Amino acid sequence: QVQLVESGGGLVQAGGSLRLSCAASGSILGINTMGWYRLAPGKQRELVATITSIGSTNYADSVKGRFTISRDNAKNTVYLQMNSLKPEDTAVYYCNLRIGTTISRGPAYWGQGTQVTVSS
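Note that the coordinates shown come from a computational prediction; the quantities given were computed from them, not determined experimentally.

Colleague: Which parts of the structure should I look at to understand the overall build of the protein chain?
Modeller: Along the backbone of the protein chain there are 0 helices and 11 strands. Along the longest, intermediate and shortest principal axes, the C-alpha atoms of the protein chain span 40 × 30 × 25 Å. For the protein chain, the proportion of its 120 residues judged to be buried stands at 40%. Total accessible area on the protein chain is roughly 6500 Å²; 50% of this is exposed by carbon and sulfur atoms. Here the protein chain carries 11 positive and 6 negative side-chain charges, and the mean point of each set is 4 Å from the other.

Structure below.
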């Protein structure tokens with residue numbers, strides 16, 4: 001039903017910037033949270049940032065002050081602006097959409113992932 005399509009990954013040097021986009025299509029109603037997760041080789045999947053339907057944001061400690069998550073509700077699109085990138089940010093970044101609230105959770109959906117590589 002719901003489809004998520006990510007774009008914007010690539011190869012950058014340390015200190016550089018990238019902007020990831022994730023466009024959602026399908027039946028998306030009411031309260032929801034969109035976010036970004038990342039998976040690096042040999043490591044656990046990590047939550048990077050989330051943003052709710054009304055704009056409340058949350059960030060992993062490792063990216064606070066460097067990454068900014070935002071969304072355009074009219075376009076059902078979430079963005080991740082990544083500045084001051086570090087080699088340890090290298091990972092596949094996945095877009096996530098969850099319908100509902102933390103108290104009453106609905107279905108979750110995932111994008112296909114986009115590779116971010118930061119060279120030293």
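Colleague: I'm lost on the sheet that holds strand β1 (residues 3-7) in this one. Help?
Modeller: Strand pairing in a sheet relies on backbone hydrogen bonds. The paired strands run either parallel or antiparallel. The 4 strands lie next to each other as β1-β3-β8-β7, forming an open sheet whose pairing is antiparallel. Only two strands of the sheet have a single neighbouring strand rather than two, namely β1 and β7 (67-72). Between one strand axis and the next, the sheet turns by 15° as a mean value, whatever way the strands run. With 6 bridges connecting them, strand β3 (residues 18-25) and strand β8 (residues 77-82) associate as antiparallel partners.

Colleague: How do you make sense of the layout of surface pockets when you look at a structure like this?
Modeller: The calculated volume of the largest pocket comes to roughly 370 Å³. Thr33, Arg98, Gly100, Thr101 and Thr102 are, among the 19 residues lining the largest pocket, the residues nearest its centre. Elements supplying a minimum of two residues to the lining of the largest pocket: β4 (32-39), β5 (46-52), β9 (91-100) and β10 (105-110). In terms of residue count, the dominant contributor to the lining of the largest pocket is β4 (4 residues).

Procedures and definitions
Residues numbered from 1 in each chain as written. Predicted model: local features only at pLDDT ≥ 70, side-chain atom pairs only at ≥ 80, totals over all residues. Heavy atoms only, no water. Helix = DSSP H or I, 4+ residues; strand = E, 2+ residues; numbered from the N terminus. Buried < 20%, exposed > 50% of the residue type's maximum accessible area, 1.4 Å probe, protein only. Areas by Shrake-Rupley, 256 points an atom, 1.4 Å probe, with all protein chains shown as cover. Lys, Arg positive; Asp, Glu negative; His and termini not counted. Charge placed at Lys NZ, Arg CZ, Asp CG, Glu CD. Pairing = 2+ DSSP bridges. Axes fitted to C-alpha atoms, helices over the stretch in contact; angles between N-to-C directions. 1 Å grid on protein atoms, 1.4 Å probe; cavity = no way out; pocket = protein on both sides within 12 Å on 5 of 7 lines; lining within 4 Å. Points joined across faces, edges and corners; volume = space filled by probe spheres on them.

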